[in-house]
Amino acid sequence: MFQFHALPPLALYIHFPWCVRKCPYCDFNSHSLPEKFPETAYIDALVRDLEQDLPRVWGRRIHSIFMGGGTPSLFSAESLDRLLSAIRARLPWSPQIEITLEANPRTVEQGRFTEFHHIGINRLSLGVQSFNDEALKHLGRIHSSQESCQAIAAAHTAGFNNINLDLMFGLPGQTETQALADVAMAISLAPHHISYYQLTLEPNTYFYRYPPSLPHEEAINSWQTDCQVRLAQAGYHRYEVSAFAKSDRQCQHNLNYWRFGDYLGIGAGAHGKISDAMENHITRIWKIKHPTSYLAKAGTPEGIGGETNPSPQEAAFEFMLNALRLNGGIPSRLFQERVGLPISVVEKTLHQAEALKLIEWDFRHIRPTEKGFSLLNELLQLFLP
């Protein structure tokens, strides 16, 4: 039985399901723009969706908002301002709230950066992926390397002092020289945060059905190590498997996920996780995925795609699945605080992982060793229910 003495921090994720064009590697819930873009109707649906979830979190303050997709920057600043105002009227905010918007580097979206900053968005995440135009074509991206450079400059000019850049490696036909050049260009543009991750062929994607020719895994691992060294030398601390940040610029929203915090999820296909101290359980809830159905049913019981309550064993594994992605690990007390169970339920596995030199742990801290961090999948499998 779960026993929560205090509830974890609460975040809000908002999903925007449309892109100009679906990328062949993308397995997110994203759809090509319809001929008639239902911008106003979707904001209305999001507000109804939020209102339906409010009873689950009465009296709780949100610490971060993340607008992801899809491409949220397709929406106008006026629409996003209306949405943020509706949220603020319904939920208390932390004074230091982090509000992230994912954006495409295309010129048309760059023109909105100043307006986005003006309405209170204080973190911008740019889906650059590569600075090689040939690689961008392989990935189905609709922007150019030049537009990416211009977008980062425009974000700085607009006043953003918390800019993330998404960068991929292991791309079709990529060489070591190209991978290193991408990282060097990213560093030169001085973002505050770099999400650096390997291209993977996910089910239900075009690339999965028609796999491109990718570099050999051993070569990719070698590039990754070299690139991570260069990021560290430039002052980007690797605080999570794929996340590198300047001092005090870690993504607070994602840290809440990795520390097993709570979050509401609104929008087509959005997921949420809520701890309940009265009922002593954790609820995972998700919304229906297709945008057309969501627009019609958001805010009604039919708008809920599903709901489940993880077992104690599942919750313990989910905690470790997230927490051990953090390079510095987590305080040991966080397990009981966030899972609502004594750490003794995983103590046997902790000893096993320690004996294999995959973690270091005591009553103060649990952290993966360098070996454990490099063999993360093997480490996490030890905690499977």
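Okay, so let's go over this structure.

Rules used in this analysis
Positions within a chain are numbered from 1, following the residues in the order the chain's sequence is written. It should be noted that, the model being predicted, local features are given only for residues of pLDDT at least 70 and side-chain atom pairs only at 80 or more, the latter also being counted only at that level, while totals for whole chains, interfaces and linings use all residues. Excluded from the side-chain calculations are hydrogens and water; all other atoms, namely the structure's heavy atoms, are used. Only C-alpha atoms enter the line fits that serve as axes; for helices the fit covers just the stretch in contact. Angles between N-to-C directions range over 0 to 180 degrees. Every helix listed is a DSSP run of H or I at least four residues long, and every strand listed is a run of E at least two residues long, numbered separately from the N terminus. Our angle categories are set so that under 35 degrees counts as roughly parallel, over 145 as roughly antiparallel, 65 to 115 as roughly perpendicular, and the remainder as oblique. Here a crossing is called left-handed whenever its near helix is offset anticlockwise from the far helix by less than a right angle, and right-handed whenever the offset is clockwise. Throughout, a contact is declared for two residues whenever any of their heavy atoms are within 4.5 Å. Amino acid classes used here: Ala, Val, Leu, Ile, Met, Phe, Trp, Tyr, Cys and Pro are nonpolar; Asp, Glu, Lys and Arg are charged; the rest, including Gly, are polar. Strand pairing is assigned whenever DSSP detects at least two bridges linking the two strands. We count a salt bridge whenever a side-chain nitrogen from Lys or Arg sits within 4 Å of a carboxyl oxygen from Asp or Glu. Type-normalised accessible area, obtained with a 1.4 Å probe on protein chains alone, sets the label of each residue: buried when under 20%, exposed when over 50%, and partly exposed for intermediate values. Stacked, tilted and edge-to-face pairs are distinguished by plane angle, under 30 degrees for stacked and over 60 for edge-to-face with tilted covering the rest, among Phe, Tyr and Trp rings (Trp via its six-membered ring) whose centres lie within 6.5 Å. Charges are assigned to positions over rings by a cutoff of 6 Å between ring centre and Lys NZ or Arg CZ, combined with an angular limit of 35 degrees from the ring normal. Residues belong to a common nonpolar core when they are buried Ala, Val, Leu, Ile, Met, Phe, Trp, Tyr or Cys residues joined through side-chain atoms within 4.5 Å. Take the residue count of a helix, subtract one, and multiply by 1.5 Å to get its expected span. In this description, one arc is meant: the one made by directions from the helix axis to the C-beta atoms.

## Observations regarding the packing of helix H1 (residues 39–53) against helix H2 (residues 77–90)
Axis separation between H1 and H2 bottoms out at 10 Å; the angle between their running directions is 15 degrees. What the angle tells us is that H1 and H2 run roughly parallel. For the pair H1 and H2, the sense of crossing is right-handed. Together, Glu39, Thr40, Ile43, Asp44, Leu46, Val47, Leu50 and Glu51 of H1 and Ser79, Arg82, Leu83, Ala86, Ile87 and Arg90 of H2 make up the contact between the two elements. Taken together, the residues of the contact of H1 with H2 break down into seven nonpolar, two polar and five charged.

## What to know about the packing of helix H7 (residues 176–188) against helix H9 (residues 217–233)
The contact between H7 and H9 brings their axes to 10 Å, and the two run at 20 degrees. Here H7 is positioned roughly parallel relative to H9, judged by the angle of their axes. Read as a crossing pair, H7 and H9 show a hand that is right-handed. Across the interface between the two elements, Glu176, Ala179, Leu180, Val183 and Ile187 from H7 touch Trp223, Asp226, Cys227, Arg230 and Leu231 from H9. Here the residues of the contact of H7 with H9 sort into seven nonpolar, no polar and three charged.

## A word on the pairing of strand S12 (residues 271–276)
Where S12 and strand S13 (residues 281–287) come together, six bridges link them in antiparallel fashion. Paired with Ile274 across the bridge in S13 is Thr283. Linking two consecutive strands that pair antiparallel, namely S12 and S13, is a turn of four residues; a positive phi of about 55 degrees is found at Asn280 within it.

## Some points on the pattern of salt bridges
This model, assessed by the stated rule, comprises 14 salt bridges. Close ionic contact of Arg364 with Asp362 constitutes a salt bridge, the shortest N to O distance being 3.2 Å. For Arg364, a relative accessible area of 54% translates into the label exposed.

## Observations regarding the packing of aromatic side chains
Here the structure, examined in full by the defined rule, presents 17 aromatic pairs. Ring centres 5.1 Å apart and planes at 70 degrees place the aromatic pair Trp18 and Tyr42 in the edge-to-face group. Here the residue Trp18 occupies a position in strand S2 (residues 18–19), and Tyr42 occupies one in helix H1, the gap between them amounting to 24 residues. Between the aromatic rings of Tyr206 and Tyr210, the centroid separation amounts to 4.9 Å while the plane-to-plane angle is 40 degrees, which identifies the pairing as tilted. The partly exposed category is assigned to Tyr206, whose relative accessible area is 46%. Among the aromatic residues, those joined into a cluster by ring pairs are Phe16, Trp18, Phe37, Tyr42, Phe75 and Tyr294. Between the NZ or CZ atom of Arg88 and the centre of the ring of Trp93, over which it lies, the distance is 4.4 Å. Taking the ring centre of Tyr236 as reference, the NZ or CZ of Lys246 above it sits at 4.6 Å.

## What about the nonpolar core?
Ile14, Phe16, Ile65, Met67, Ile87, Phe113 and Ile121 are the most contacted members of the largest nonpolar core, which has 66 residues in total. Counting 36 residues, the second-largest nonpolar core is a separate cluster that includes Tyr239, Trp361, Leu376 and Leu379.

## Focus: the sheet that holds strand S16 (residues 359–361)
Each strand in a sheet pairs with another by means of backbone hydrogen bonds, the pair being arranged parallel or else antiparallel. The strand order across the open sheet formed by three strands is S15-S17-S16, and the pairing between neighbours is antiparallel. Since the sheet does not close on itself, it has two edges, and those belong to strand S15 (330–331) and S16, each with one partner. Examined bridge by bridge, S15 and strand S17 (residues 365–368) share two bridges and lie antiparallel to one another. Its bridge partner lying in S17, Pro331 is registered against His365.

## Observations regarding H7
Taking 1.5 Å per residue, 13 residues should reach 18 Å; H7 reaches 18 Å between its end C-alpha atoms and fits that length. Every buried residue of H7 is listed here: Ala179, Leu180, Asp182, Val183 and Ala186. Buried residues in H7, looked at end-on, bunch into an arc of 150 degrees, giving them a common side. Opposite the buried face of H7, at more than 90 degrees from it, the exposed residues are Thr177 and Ser188. Where the residues of H7 are buried, they touch strand S6 (123–129), strand S7 (163–169), strand S8 (193–198) and H9.

## Observations regarding the side chain of Arg284
Here Arg284 is to be found in strand S13. Take Arg284: its relative accessible area is 18%, and that puts it in the buried class. Setting aside residues up to four positions removed in sequence, Arg284 forms contacts with Phe260, Tyr263, Gly272, Lys273, Gly306, Glu307, Thr308, Pro310 and Glu318.

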